[in-house]
Amino acid sequence: MQKSRSDRLFYVFVYLLTILAVVVTLYPFLYVVSISFSSVDAIDKQKVVLWPVGFTLSGYKMVLQYKELWVSFYNTVWYTVVGTLLNIVATCLAAFPLSRQQFFLRRKLNFFIAFTMYFSGGLIPVYMLITSLGLYNTRWVMVLPVLVITFNVMICRSAFEGIPNEIFESASIDGANEMTMLYRLAVPIIKPTLAVLTLYYAVFHWNNFFSALLYLGKQDMQPLQMFLRRVLIMASPEVMQKMGGTMTSGALAVSSLQVRYVSIVVSILPIVMIYPFIQRYFVKGITLGAVKG
Amino acid sequence: MKKRMSTLFSLIRRDKYLLLMFSPIFLYYLIFMYLPMPGVLLAFRNFIPGQGMFSGEWVGLRWFEQFVNSIYFWRLLRNTFLLAFLPLLFGFSIPILFAVCIVEIKNRTFKRFAQTVTYLPHFISTVVVAGIIINFLSPTDGIINTLIARLGMEKINFMMDASWFRTIFTSSDIWQSFGFSSIIYIAAIMGIDPEMYDSGKIDGVNKFQELWHLTLPSIKPTIVILLLLSLGGIMSVGFEKVYLLYNGATYETADVLSTYVYRMGIEGQNYGFATAIGLFNSIITFILVFAANTLTRRLTKMSLW
């Protein structure tokens, strides 16, 4: 069919807007990456606008030598791996009983967890509880207080509820108990949902800054986000000097800019690398969340 | 009585594995969610540090009165509202528009690429986003000021100027969220019955008319639900981004209830006062969320719970 002129105009708009959206989103990242690979001289003369000028890895060499980066990177990996593992196990353990129609406490326990979405003690009482439990300045403070996120339990429960009951009935005739059903049957069936939840939890832990701000005073336990805050936002001269100790002071200012941008690249690289693989589950995961909880 | 007990026992025996499964979760909610709840009573006490959560004499509504009468009350209320409302006002339609574009794109590689790129900022931490903003806007070496200087204009010290805070906060919020927020609209548009489009084509409808009279009306329920949900969250702007972007020079437009609670409570150790403000904020939020959900249920016969 011949397209009318107004239809052609429509597609021009569609493509222009999409290209605009891509450029606006991508440019800041591209600029950060370009600065991270450019020579100090080019940055100093403000030649970098889009692509790296005078390609060099010296910024990376400097940042990767910095011990505090590695310590905080290790901490973040620890919090993310341990935290996400516990999250997924706990979310399944919470969601499966709540999805079983015949479970005699189902409605009561559903209310028990849903209530916490609308009412909480608030910042100060939670803070006082966590410090009085002795969790202040321990690794577990990054993991235990967010064992599950209630909204994610709801998503997982909806996924379990979507499994036809006949599957469980025939398993129970074969003598399987609920533990086996969960582990052998239910979990494998809802793998796509669990993939999305894993991503959500992992990103939460990777980016978690608030818990560390409140409960981790010790620098050697602090995650990457606290390190980034010092480098990017407080731009601590102490950090900068340690990193570029051998530089002359004029070059120091410029290379400190590079140090900041290299740190951004290093910190978001793991997410950028992993997330396209999970992207195909997004639409499914999000519409699942929108289903009546 | 005896009979009821014995049915309870048989129910427990029947569901023992489910109970076993749920028990660690029950403990978690009990300790981390329910145990702090009585702590809201701090809002009505004169708490003395080091004497436990339930110490101190009752002071009634003293902290609330002190807060409502303080010079910061209206400023905090206004900022908390505006920093949620402005992104909603300027940003709400963008994901819808973007979803329409994505669905219409025929080239699959470009479509996938555009989606991948625009979802990405959603996964970047607030610290990095705030870091990028501050460094791009820096008057010494930020790219924005470099460009401003090149155009022969005077550099602007954005982060120290209270009149810029709302613009910066709103635009970066839209930048970070529009792509990811479009997913739900994309799913809604894909769910429209294709036969409706076929009959439209026979009637000779062009693409603009199709968008206005077919696509948008079809996804109206989704739009209404999401709008109401965002209105419910209008008094609960996130702590992190404000905390990372603001400073003493920009409190006038940047300080919100949650950051004020943090400064008063955690930094200033005024536990009673801070708990009272936190409670004040969560009551408002609760009412708004409840109202939004009731409205949603009335209008669409769907609800969140």
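Only a predicted model underlies this, so the values are computations on that prediction, with no experimental measurement involved.

So, about the overall build of chain A. Within chain A one finds 15 helices and 0 strands. With 293 residues in all, chain A has 38% of them scored as buried. Of the contacts made within chain A by residues no fewer than 6 positions apart, 71% connect residues no fewer than 24 positions apart.

This part is about the overall build of chain B. Across its full length, chain B holds 16 helices and 0 strands. Computed over its C-alpha atoms, the radius of gyration of chain B comes to 25 Å, more than 25% above the 19 Å expected for a compact globule of 305 residues. Along the first, second and third principal axes, the C-alpha atoms of chain B reach 70 × 70 × 35 Å. With 305 residues in all, chain B has 38% of them scored as buried.

The next subject is the UniProt feature "transmembrane region" (unreviewed entry) in chain B. Mapped onto this numbering, the UniProt entry annotates "transmembrane region" (unreviewed entry) at residues 20-44, 81-105, 117-137, 174-192, 223-246 and 271-292 of chain B. Note that residues 117-137 of chain B is 71% helix and 0% strand, and that its end C-alpha atoms are spaced 23 Å apart.

Residue and element names in this part refer to chain A. For chain A, the average pLDDT comes to 85, and 88% of its residues sit at 70 or higher. Looking across chain A, the model is least confident in helix H13 (residues 237-243), with a mean pLDDT of 53, and most confident in helix H4 (residues 67-99), with 95. Confidence drops under pLDDT 50 across residues 245-249; counting only partners more than four residues distant or on other chains, this segment forms 2 contacts.

Let's shift gears to the interface of chain B and chain A. If you look at the interface, chain B gives 75 residues, while chain A gives 74 residues. With 10 residues, helix H2 (residues 16-34) of chain B is the single largest residue contributor to the side of chain B that touches chain A. Grouping the constituent residues of the side of chain B that touches chain A by class yields 55 nonpolar, 15 polar and 5 charged.

As recorded in UniProt, the sites labelled "domain: ABC transmembrane type-1" (unreviewed entry) are residues 77-292 of chain B. Spanning residues 77-292 of chain B, this segment combines 75% helix with 0% strand, and its end C-alpha atoms are found 20 Å apart.

Attention now moves to the packing of helix H4 (residues 73-91) of chain B against helix H9 (residues 165-190) of chain B. All names here are of chain B. Running from amino to carboxyl end, H4 crosses H9 at an angle of 55°, the nearest separation of the two axes being 9 Å. Taken together, the axis directions place H4 and H9 in an arrangement best described as oblique. Seen from above, H4 lies across H9 with right-handed handedness. Here Leu 82, Leu 83, Leu 86, Pro 87, Phe 90 and Gly 91 of H4 lie close against H9, whose contacting residues are Arg 166, Phe 169, Thr 170, Asp 173, Ile 174 and Phe 178.

Core analysis: the largest hydrophobic core is formed by 80 residues, its most contacted members being Val 128, Ala 130, Val 242, Leu 245, Val 261, Ala 276 and Ile 277 of chain B. The residue makeup of this core includes at least three contributed by each of domain 1 (30-64 + 250-286) and domain 2 (75-234) of chain A. Judged by nonpolar contacts, the second largest core, of 36 residues, contains Ala 159, Phe 160, Leu 197 and Leu 199 of chain A.

Right, let's get into the domain arrangement of chain A. Residue and element names in this part refer to chain A. Assigned domains of chain A: these are domain 1 (30-64 + 250-286) and domain 2 (75-234). Relative placement of domain 1 and domain 2: their C-alpha centres are 32 Å apart. Across the contact, 11 residues belong to domain 1 and 11 residues belong to domain 2. Put simply, the parts of the chain that give the side of domain 1 that touches domain 2 at least two residues each are helix H14 (249-278) and helix H15 (282-290). Of the residues forming the side of domain 1 that touches domain 2, the biggest block, 7 residues, is contributed by H14.

Another point: helix H12 (residues 220-232) of chain B. Since one α-helical turn is 3.6 residues long, residues separated by three or four positions face the same way. Residue and element names in this part refer to chain B. Its 13 residues give H12 an end-to-end C-alpha distance of 18 Å, which sits within 8% of 18 Å, the value for a rise of 1.5 Å per residue. Every buried residue of H12 is accounted for by Thr 222, Ile 225, Leu 226, Leu 228 and Gly 232. Within H12, the buried residues cover an arc of 160° as seen down the axis, which keeps them to one side.

Another aspect to go through is the environment of Ile 102 of chain B. Locating Ile 102 of chain B in the fold gives a position in helix H5 (residues 93-104). For Ile 102 of chain B and Pro 121 of chain B, which are 19 residues apart along the polypeptide, the C-alpha to C-alpha distance reads 17 Å. Not counting residues up to four positions away in its chain, the partners in contact with Ile 102 of chain B are Thr 18 of chain A together with Lys 111, Ala 114, Gln 115, Ser 182 and Ile 186 of chain B.

What follows concerns unusual backbone geometry. Residues other than glycine seldom take positive phi values, yet Asn 137 of chain A does so here, at roughly 60°. Along the chain, Asn 137 of chain A falls in the loop between helix H6 (123-132) and helix H7 (150-161). Taking the number of C-beta atoms within 10 Å as the measure of exposure, Asn 137 of chain A has 12 and is therefore exposed. For Gln 269 of chain B, which is not glycine, the phi torsion reads 60° and is therefore positive. With respect to the helices and strands, the residue Gln 269 of chain B is situated in the loop between helix H15 (257-267) and helix H16 (271-300). Given 12 C-beta atoms within 10 Å, Gln 269 of chain B falls into the exposed group.

Another point: the environment of Leu 57 of chain A. Within the element layout of this structure, Leu 57 of chain A appears in the loop between helix H2 (40-44) and helix H3 (58-64). Expressed as a C-alpha distance, the spacing of Leu 57 of chain A and Ala 202 of chain A, which sit 145 residues apart in the sequence, is 29 Å.

Running from amino to carboxyl end, helix H1 (residues 5-37) of chain A crosses H5 of chain B at an angle of 115°, the nearest separation of the two axes being 9 Å. With respect to H5 of chain B, the element H1 of chain A is oriented roughly perpendicular. When you trace H1 of chain A past H5 of chain B, the crossing you get is left-handed. From H1 of chain A, Val 14, Leu 17, Thr 18 and Ala 21 of chain A reach across to H5 of chain B, where they touch Leu 97, Phe 98, Cys 101, Ile 102 and Glu 104 of chain B.

Another aspect to go through is the UniProt feature "transmembrane region" (unreviewed entry) in chain A. Residues and elements named next belong to chain A. In the numbering used here, UniProt assigns the feature "transmembrane region" (unreviewed entry) to residues 9-30, 77-97, 109-130, 142-160, 181-203 and 259-278. In the segment residues 77-97, helix accounts for 100% and strand for 0%; the C-alpha atoms at its two ends are 31 Å apart. Regarding residues 109-130, the helix share stands at 82% and the strand share at 0%, and the terminal C-alpha atoms are separated by 24 Å.

All names here are of chain B. On average, residues of chain B score 88 in pLDDT, and 97% of them are at 70 or above. Ranking the elements of chain B by mean pLDDT puts helix H10 (residues 194-202) last, at 80, and H2 first, at 95. What the predictor reports for the complex is a pTM of 0.87 with an ipTM of 0.86.

Residue and element names in this part refer to chain B. With respect to the helices and strands, Gly 204 occurs in the loop between H10 and helix H11 (207-218). Classification of Gly 204 by C-beta neighbours within 10 Å gives exposed; the count is 8. Considered as a pair, Gly 204 and Ile 124 are 80 residues apart in the sequence and their alpha carbons are 45 Å apart.

Reading the values: rules and limits
- Residues numbered from 1 in each chain as written.
- Chains lettered and ligands numbered in written order.
- Predicted model: local features only at pLDDT ≥ 70, side-chain atom pairs only at ≥ 80, totals over all residues.
- Helix = DSSP H or I, 4+ residues; strand = E, 2+ residues; numbered from the N terminus.
- Buried ≥ 20, exposed ≤ 12 C-beta atoms within 10 Å, placed from the backbone.
- Contact = placed C-beta atoms within 7 Å.
- Rg over C-alpha atoms; globule rule 2.2 N^0.38 Å.
- UniProt positions renumbered as here; feature names shortened; annotations may be inferred.
- pLDDT = per-residue confidence, 0-100.
- Nonpolar A, V, L, I, M, F, W, Y, C, P; charged D, E, K, R; others polar.
- Axes fitted to C-alpha atoms, helices over the stretch in contact; angles between N-to-C directions.
- Parallel < 35°, antiparallel > 145°, perpendicular 65-115°, else oblique.
- Left-handed = near helix turned anticlockwise from the far one by under 90°.
- Core = buried A, V, L, I, M, F, W, Y, C linked by C-beta atoms within 7 Å.
- Domains from an automatic or database assignment.
- Expected span 1.5 Å × (residues − 1).
- Arc of directions from axis to C-beta.

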